[in-house]
Amino acid sequence: MSVTAREIMSADVVSVPKDMDLRDLSKLFLKKGFTGAPVVDERGDLVGVISQTDLVYYNLTRGDELVDESHFYQTARVEGRHLPRGYQIADFNSGRVADIMTPAVHAVSERAGLATISRMMTSKHIHRVIVKRGRKPVGVISALDVLRAFARARAANGGGRAH
């Protein structure tokens, strides 16, 4: 019996809407410990994928930082007191998930085999594959999920020591 995507996927997938604010996405990733997520449209259809790498790249390439010298922080006061050291102005110019997501989604059906999934991940140099039913994401398979599946299959077949 071959191992299928349905058997190794994480079914508690959290998809993010394509119009989600990137600050909210960052907070979600930090809170949940995610490194990526499928992106869905208003119907819940899979339209892309977003990762921490996308967020880092976006933040490093924006080029809209305040770089002019200013005496604002030395003279500004809040409730009559000087601003505390390290105080920063909030950035209200944040993008949306759709602005930086990867629209090319590497996805498989729930019936895809482990060999197919692992070949896709290695040939495309990706760390996660989205599992979908029709156009809806129903799971995520990480590289660790694939390694676990191979380890279980090896143990079930008599194992042996790794070389």
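In the block above lies the structure referred to throughout.
Now for a look at the structure at hand. Just so you know, these numbers come straight off a predicted model, no measurement behind them.

On to the pattern of salt bridges, then. For the structure on display, the rule yields eight salt bridges. The salt bridge involving D21 is made with R23; its shortest N-O contact spans 2.9 Å. We classify D21 as buried; its relative accessible area is 7%. Residue class for R23 comes out partly exposed when judged on its relative accessible area of 35%. With a closest N to O distance of 2.9 Å, R148 and D145 form a salt bridge. Of this pair, R148 and D145 both sit in helix α7 (residues 143–156), separated by three residues, roughly a single helical turn. Three or more residues are tied together by salt bridges with common partners; here these are D41, R43, D45 and K136.

Where helix α3 (residues 52–61) is concerned, the buried positions are D54, L55 and Y58. Projected onto a plane normal to the axis of α3, the buried residues spread over an arc of 100° and lie on a single side. What points out from α3, more than 90 degrees from its buried face, is the exposed set T53, Y57 and L60. Buried residues in α3 make contact with α2 (22–32), β3 (46–51) and α5 (97–100).

What counts, and at which threshold
Residues numbered from 1 in each chain as written. Predicted model: local features only at pLDDT ≥ 70, side-chain atom pairs only at ≥ 80, totals over all residues. Heavy atoms only, no water. Salt bridge = Lys/Arg side-chain N within 4 Å of Asp/Glu carboxyl O. Buried < 20%, exposed > 50% of the residue type's maximum accessible area, 1.4 Å probe, protein only. Helix = DSSP H or I, 4+ residues; strand = E, 2+ residues; numbered from the N terminus. Arc of directions from axis to C-beta. Contact = heavy atoms within 4.5 Å.

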